[in-house]
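# Structure assessment
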Amino acid sequence: MGRCLGHYDLAVAQWVFKNARMAGFGKDTFFSDSALYLPLKDSTGTIGVIVIEVVDLHQLFNLWQRQFLDTFVNQIIHSFERANLAEQAKELSIENASGNLA
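So, here's what we can say about the structure. (Residues numbered from 1 in each chain as written. Predicted model: local features only at pLDDT ≥ 70, side-chain atom pairs only at ≥ 80, totals over all residues. Heavy atoms only, no water.)

What follows deals with the overall build of the protein chain. Within the protein chain, the secondary structure is distributed over two helices and three strands. For the protein chain, the α and β elements follow one another from N to C terminus as α-β-β-β-α. Burial analysis of the protein chain (102 residues in total) assigns 25% to the buried set. Considering only residue pairs separated by 6 or more positions, the protein chain has 34% of its internal contacts joining residues 24 or more positions apart. (Helix = DSSP H or I, 4+ residues; strand = E, 2+ residues; numbered from the N terminus. Buried < 20%, exposed > 50% of the residue type's maximum accessible area, 1.4 Å probe, protein only. Contact = heavy atoms within 4.5 Å.)

What follows deals with helix α1 (residues 7–19). The terminal C-alpha atoms of α1 lie 18 Å apart, and with 13 residues this matches the ideal 18 Å at 1.5 Å per residue to within 8%. Those residues of α1 that sit buried are Asp 9, Val 12, Ala 13 and Val 16. Down the axis of α1, the sector holding all buried residues measures 100°, keeping them to one side. Exposed side of α1, more than 90 degrees from the buried face: His 7, Gln 14 and Lys 18 are the residues found there. Those residues of α1 that are buried lie in contact with β1 (23–24), β2 (35–42) and β3 (45–53). (Expected span 1.5 Å × (residues − 1). Arc of directions from axis to C-beta.)

What follows deals with the sheet that holds β3. Across the sheet, which stays open at both edges, the three strands sit in the order β1-β2-β3 with antiparallel pairing between neighbours. Among the strands making up the open sheet, the edge pair consists of β1 and β3. (Pairing = 2+ DSSP bridges.)

Regular strands have side chains that alternate between both faces of the sheet. In the sheet, β2 pairs with β3 via eight bridges, with the strands oriented antiparallel. From the neighbouring strand, Leu 38 faces β3, where its bridge partner is Ile 50. In this antiparallel pair of consecutive strands, β2 and β3, the connection spans two residues.

Here the focus is the environment of Gln 14. Inspection of the secondary structure assignment puts Gln 14 in helix α1. Expressed as a C-alpha distance, the spacing of Gln 14 and Tyr 37, which sit 23 residues apart in the sequence, is 9.9 Å.

Bringing the packing of aromatic side chains into the picture now. Where two aromatic rings form a pair, the distance of their centres and the angle of their planes describe that pair. Per the stated rule, a full pass over the model turns up three aromatic pairs. Plain terms: the ring middles of Trp 64 and Phe 68 are 5.6 Å apart, the flat faces sit at 10° to each other, and that makes the pair stacked. Of this pair, Trp 64 and Phe 68 both sit in helix α2 (residues 63–101), four residues apart, roughly one helical turn. For Phe 68, a relative accessible area of 53% puts it in the exposed group. Among the aromatic residues, ring-to-ring pairing joins Tyr 8, Trp 15 and Phe 30 into one connected group. (Phe/Tyr/Trp six-rings, centres within 6.5 Å; stacked < 30°, edge-to-face > 60°.)

Right, dumping it as structure tokens:
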């Protein structure tokens with residue numbers, strides 16, 4: 001089970017969100033952290049940050065693990081985009097329906 005995010009973690013996550021760059025374990029920024037912070041970027045920009053706690057600090061992600069992580073992150077981003085597009089379509093439908101009533 002993971003740890004709860006503290007003030008430091010939230011500050012790093014905010015930096016990642018603002019700069020749209022990875023940080024934490026194995027990266028140039030906040031490299032001494034034991035977690036890896038990845039920006040979730042869609043076609044409009046950064047929409048969130050995922051934090052991955054590194055359990056074995058001596059083992060970096062191998063190529064297969066990195067590809068799996070990239071696939072997982074992309075699925076999250078696509079899910080958010082689909083939900084956002086569905087919400088926009090619903091709002092547009094309501095606007096069109098209310099315009100037809102007037």
